[in-house]
Amino acid sequence: MSSSFVLAFVPSSALAANDDDVCDLPGSGTEADPWEIDSEADLYEIGIDDCLANYDSEQHYELTADIELNGAWTPIELGRRAASSFDGNNHTIRGLSISGGARTGFFSSITGGTVKNLTLEIESVSSSSDSVGGLAGSVNAILDDNNDPLVRSEIRNVHVYIN
């Protein structure tokens, strides 16, 4: 039995979800050299924060292929205290099943972030909260000490289909 045959029985999310605080993705997370995502395992890598140096620094991601998800999805937080981006490069993420509590969506929240050129094909979305959406549970700006917007969130060329 070859090792590739054995790996076929391991969920792809388990392969990347090692929570080792080491980003195993190509790229450096900067705007000029974003983290590159081409698989379900890569999405889980950013979802467990392995590619997040800290919440005070910018983080930039881009899809390099269409992705088919298998199983339940844990929403990703995009931005918090620094501008971040997720460029879908006109790719599609399919098979998304989302359920949870507050701030439920592909992203739990987008705060001062840009999401662009992405298509989501969602199988189901359910939540016990009113902060739920296909793309994000909430979308906000980064505010200064006077609650004035420093960095606004931007969503463009994003298509969300719920089956």
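Below is a summary of the structure that appears in this document.

Here's the deal with the sheet that holds strand S7 (residues 107–111)
Reasoning step 1: Here three strands make up an open sheet; going across it, the order is S5-S7-S9 and the pairing parallel. Strands at the two margins of the open sheet, each flanked by one partner only, are strand S5 (76–78) and strand S9 (139–140).
Reasoning step 2: Pairing of S7 with S9, which is carried by two bridges, proceeds in the parallel orientation. Each residue of the ladder has a partner; that of Thr111, found in S9, is Asn140.

Describing the packing of aromatic side chains
Reasoning step 1: For the structure on display, the rule yields five aromatic pairs.
Reasoning step 2: Taken together, a centroid distance of 5.3 Å and an interplanar angle of 65° make the contact between Tyr44 and Trp73 edge-to-face. Linking Tyr44 in helix H3 (residues 40–47) with Trp73 in strand S4 (residues 72–73), this pair joins segments that are 29 residues apart in sequence.
Reasoning step 3: Ring centres 5.4 Å apart and planes at 80° place the aromatic pair Phe86 and Phe107 in the edge-to-face group. Of this pair, Phe86 sits in strand S6 (residues 84–100) while Phe107 sits in strand S7, placing them 21 residues apart in sequence. No difference in accessibility class separates Phe86 from Phe107, as the two residues are buried.

Topic: the nonpolar core
Reasoning step 1: Core analysis: the largest hydrophobic core is formed by 28 residues, its most contacted members being Leu43, Phe86, Ile93, Phe106 and Phe107.
Reasoning step 2: For this core, the secondary structure elements donating two or more residues are strand S1 (35–37), H3, strand S2 (60–63), S5, S6, S7 and strand S8 (113–127).
Reasoning step 3: If sequence neighbours within four positions are ignored, Leu43 has contacts with Ile37, Ile67, Leu69, Trp73, Ile76, Phe86, Ile93 and Phe106.

Let's talk about the pairing of S2
Reasoning step 1: Taking every second residue as pointing to the same face, both faces of S2 are buried, with His60 and Glu62 on one and Tyr61 and Leu63 on the other.
Reasoning step 2: As defined by bridge partners, S1 adjoins S2 across three bridges and the pair is classed as parallel. When the bridges of S2 are listed, Glu36 appears paired with Glu62.

Thoughts on the pattern of salt bridges
Reasoning step 1: Tallied over the entire structure, the rule returns three salt bridges.
Reasoning step 2: We note a salt bridge from Asp66 to Arg94, for which the minimum N-O separation is 3.8 Å. Taken together, the residues span a long stretch of sequence, with Asp66 in the loop between S2 and strand S3 (67–68) and Arg94 in strand S6 at a distance of 28 residues.
Reasoning step 3: The closest approach of N and O atoms between Glu121 and Arg94, which form a salt bridge, is 3.2 Å. Placement of the pair is Glu121 in strand S8 and Arg94 in strand S6, with a sequence separation of 27 residues.
Reasoning step 4: Judged by relative accessible area, Glu121 falls into the partly exposed class, the value being 26%.
Reasoning step 5: Residue classification places Arg94 among the partly exposed positions, given a relative accessible area of 28%.

What about unusual backbone geometry?
Reasoning step 1: Phi at Asn90 is positive, roughly 65°, even though this residue is not glycine.
Reasoning step 2: Looking at the element boundaries, Asn90 is found in strand S6.
Reasoning step 3: Residue classification places Asn90 among the exposed positions, given a relative accessible area of 58%.
Reasoning step 4: Backbone geometry at Asn117 places phi at a positive 55°, although glycine is not the residue there.
Reasoning step 5: Tracing the backbone shows Asn117 in strand S8.

What counts and what doesn't
Residues numbered from 1 in each chain as written. Predicted model: local features only at pLDDT ≥ 70, side-chain atom pairs only at ≥ 80, totals over all residues. Heavy atoms only, no water. Pairing = 2+ DSSP bridges. Helix = DSSP H or I, 4+ residues; strand = E, 2+ residues; numbered from the N terminus. Phe/Tyr/Trp six-rings, centres within 6.5 Å; stacked < 30°, edge-to-face > 60°. Buried < 20%, exposed > 50% of the residue type's maximum accessible area, 1.4 Å probe, protein only. Core = buried A, V, L, I, M, F, W, Y, C linked by side-chain atoms within 4.5 Å. Contact = heavy atoms within 4.5 Å. Salt bridge = Lys/Arg side-chain N within 4 Å of Asp/Glu carboxyl O.

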